Structures are given as C-alpha cells and as structure tokens.
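Given next are the chains, with one letter for each unit.
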Amino acid sequence: MQAPPIAPTPSKPSATHLALTASKARENVRAVVKLVAITNETPTIKSFKFSVVGVFDDPHLIPTYVDPGDCILDCSPNAIKRFSFKPGQWIDLFTAHIPIVGGFSITSTPHQLETTNTIELAVKAAFSNPVVRWLHNTIRIGDTAQFRVGGEFYLRDDREDGERDVVLIAGGVGATPMISMATHVGESNLRAALAPLQPLPNGPQLGDGGRSVPRRTAVVLFSAKEAAELLFRERLESLASNPQSGVDLRFMVTREDVGGSASDRVASPTAANGAVPFIRHGRVDRAVLAQCLNDCRKRRGGANPLVYLCGPAVFEQAVLGHLEDLGFPSSNVRFEKWW
C-alpha cells in the first residue's frame, strides 16, 4: 500500500497474525504442502522449502486448519496451478499440531512455483511464537501443512508499474518479502536477455532477442546489524554480479566495520581498498537514500522509482522521514507494516 501521512506505529506484540492482518486481502484457495528441505541461512534464520501436493477451495476464508476429511483435495496439475502468488506476498500457515495460525513472507518467486512446484519461506527464531517453535524445532522432512496466500504489498508487473525501476529497502528480517521481489526482477531480466526473437505472421516479434539493457532495475538496499545476518546474501550477490540482471545491490551493516563508508556507491562485485563487495558500514540515512534515488533517476531520464519498504517500525519511521525530507512523493512509496 502507499505510504500514509503518518508513519506506522508498532502493534501490540500479543496480537495474532490473523487479527493483525484481518483487513488484508486473501486468496480463496488453500494449498496442502509437504516439507522437502530445510536450510540454515543465518545464525538465527532458517529457510523451508515446500512442494505443493494439492489444493482445495476456501471460499469462506476459514480461520483454522481444515481436516483432510472435511475438504475435497484436488491434486491434478491444472488444479495446483490455481495456487499462485505475487512477489512480496505472505502466507497463512496452518498446521494440525498448533491452533494458532502463522504468517510468513514468501522468499521464492512465482516462476519457481510454476516450474518446480515449490515455495519457500525464511523464518527467524522467535520462540514466543508457537508456530515458529514448531518450524525451528519440530517439523521434519515429509511433514505437511496448509498455505493460503494473502497481502497487498507486492511487486506489480502490470502496464503501469511493470517497467518502473524499484528501490527495495529493508531492515533485518524485513528483507524476506524483498528477496522474492529482487529475485523476480533479476531472474526475469536474465530470462529476457536469453529469449530469442520469434517472428509472428503479420505481427510483432516476441522475446527480447538477447536484450542487454534490463527492462527494469531493482536497487536492493538491505540493512542488518552484522554481515552474518544478511539474508540470502549469496543469491543476491550472484544476481548483482551479472549486469543483465538489473539488480543493484547495496548491503548496509551497522555493528561491524566491513570497509568503506555509507557514502561509497557499490555498483560492481569488485570493491576498492579491500572492502567487502556489495557491503558498506553505516545506516540507511538521508545521504544513502538520496544516492539510490538519484542513480535511478539518471537511468530513467529523471523519472522517480517506486520505493518498497519493510522493517521494524522505528526503521520504517526513519526511512519515511528521510524520504519526506528529500521531497520524494509519498504516492511512490509502498510499505509492509512491521507487525
């Protein structure tokens, strides 16, 4: 959603995911998924890959786990295609083991779901949350759960926004929805660069024919306390190392000196003065934001990019304040409230 006149404020920590997101749009189809892999991404974050087994209708958006005997599960390939999402959305996670419903951002891309029938989440340890405890301590390969897609914070590929550059700003684990967005932009650009031109009878050509200039650019500005907490660092660095991906990666760490200053621009995998590639020490301040926005404007003849923002409330408040000071239009800002 677009940024409101007043910066977001923290919600009560005791509120449940369903209560906090009650006003958000949800899909009326639910997927039964099976865990196929667990990966330790950082010292505190694990990623979970699930395959989609089948789907069933959920027209009334039931707020609890649905017993398999109370639904009609369709496992056909065509039915499974009904389960889809947009980069940046989250899922309601239902399990028979816990009455509370979890909510987690999707870190994989729609293309991955379409081609491999898998979907991924990244979850930070928070042991006051029983669903998180179940994921970190109890779930095993082959265990099942139910997913329902929701959320209005996502990257649009429609005619209005599809070719506009984006700046993806995240603090801490707020990076999770941005991972899907950044990967989607980068991999879409790389696929377009490899797509041959396909002449059509009496019509235009399809494909980009080895397009060298990315259709859109994603400036990825992620902040974390330490480099070890930078989520999916290798995936993003791999994308950013290929100019055709259109991914411009700028990591910021606040508690350790990794070489270079916040004002240094990182535009290639080779950093000067022994600095760690793509990483700078400092905070996401007004100068850093101004540089990101100006770089985007230079690429697009002065046009403002779209800014997507996600992180703790104090982080979001600070970034929104800096953007306002810079005169950046609030209509170009979308944010995911940190619940």
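Residues numbered from 1 in each chain as written. Predicted model: local features only at pLDDT ≥ 70, side-chain atom pairs only at ≥ 80, totals over all residues. Heavy atoms only, no water.

(A) Main features of empty space enclosed by the protein. Tallied over the entire structure, the rule returns 2 cavities of 30 Å³ or more. Quantified by volume, the second largest cavity comes out at close to 30 Å³. Forming the boundary of the second largest cavity are Asp157, His184, Val185, Ser188, Asn189, Arg215 and Arg216. Class assignment for the residues of the lining of the second largest cavity results in 1 nonpolar, 3 polar and 3 charged. (1 Å grid on protein atoms, 1.4 Å probe; cavity = no way out; pocket = protein on both sides within 12 Å on 5 of 7 lines; lining within 4 Å. Points joined across faces, edges and corners; volume = space filled by probe spheres on them. Nonpolar A, V, L, I, M, F, W, Y, C, P; charged D, E, K, R; others polar.)

(B) Representation of the nonpolar core within the structure. In this structure, Leu168, Met178, Val220, Phe222, Leu236, Phe251 and Tyr308 are the most contacted members of the largest nonpolar core, which totals 33 residues. When residues of this core are assigned to their parent elements, the largest contribution, 5 residues, is made by helix α5 (residues 176–194). One finds Val29, Ala79, Phe85 and Leu135 within the second-largest nonpolar core, a separate group that totals 29 residues. (Core = buried A, V, L, I, M, F, W, Y, C linked by side-chain atoms within 4.5 Å. Buried < 20%, exposed > 50% of the residue type's maximum accessible area, 1.4 Å probe, protein only. Helix = DSSP H or I, 4+ residues; strand = E, 2+ residues; numbered from the N terminus.)

(C) Here's a closer look at the pattern of salt bridges. Evaluation of the coordinates by the stated rule reveals 14 salt bridges. The salt bridge involving Arg148 is made with Asp92; its shortest N-O contact spans 3.0 Å. Of this pair, Arg148 sits in strand β6 (residues 144–150) while Asp92 sits in strand β3 (residues 90–95); the two residues are 56 residues apart in sequence, bridging distant segments of the chain. Accessibility assignment for this pair places Arg148 and Asp92 in one class, buried. The structure contains a network of salt bridges with shared partners spanning Asp165, Asp248, Arg250, Asp295, Arg299 and Arg300. (Salt bridge = Lys/Arg side-chain N within 4 Å of Asp/Glu carboxyl O.)

(D) The environment of Tyr154, seen in detail. By secondary structure assignment, the location of Tyr154 is in the loop between β6 and β7 (166–171). On the accessibility criterion, Tyr154 (16% relative accessible area) is buried. Beyond its immediate stretch of four places on either side in the chain, Tyr154 contacts Lys86, Pro87, Gly88, Gln89, Met181 and Tyr308. (Contact = heavy atoms within 4.5 Å.)

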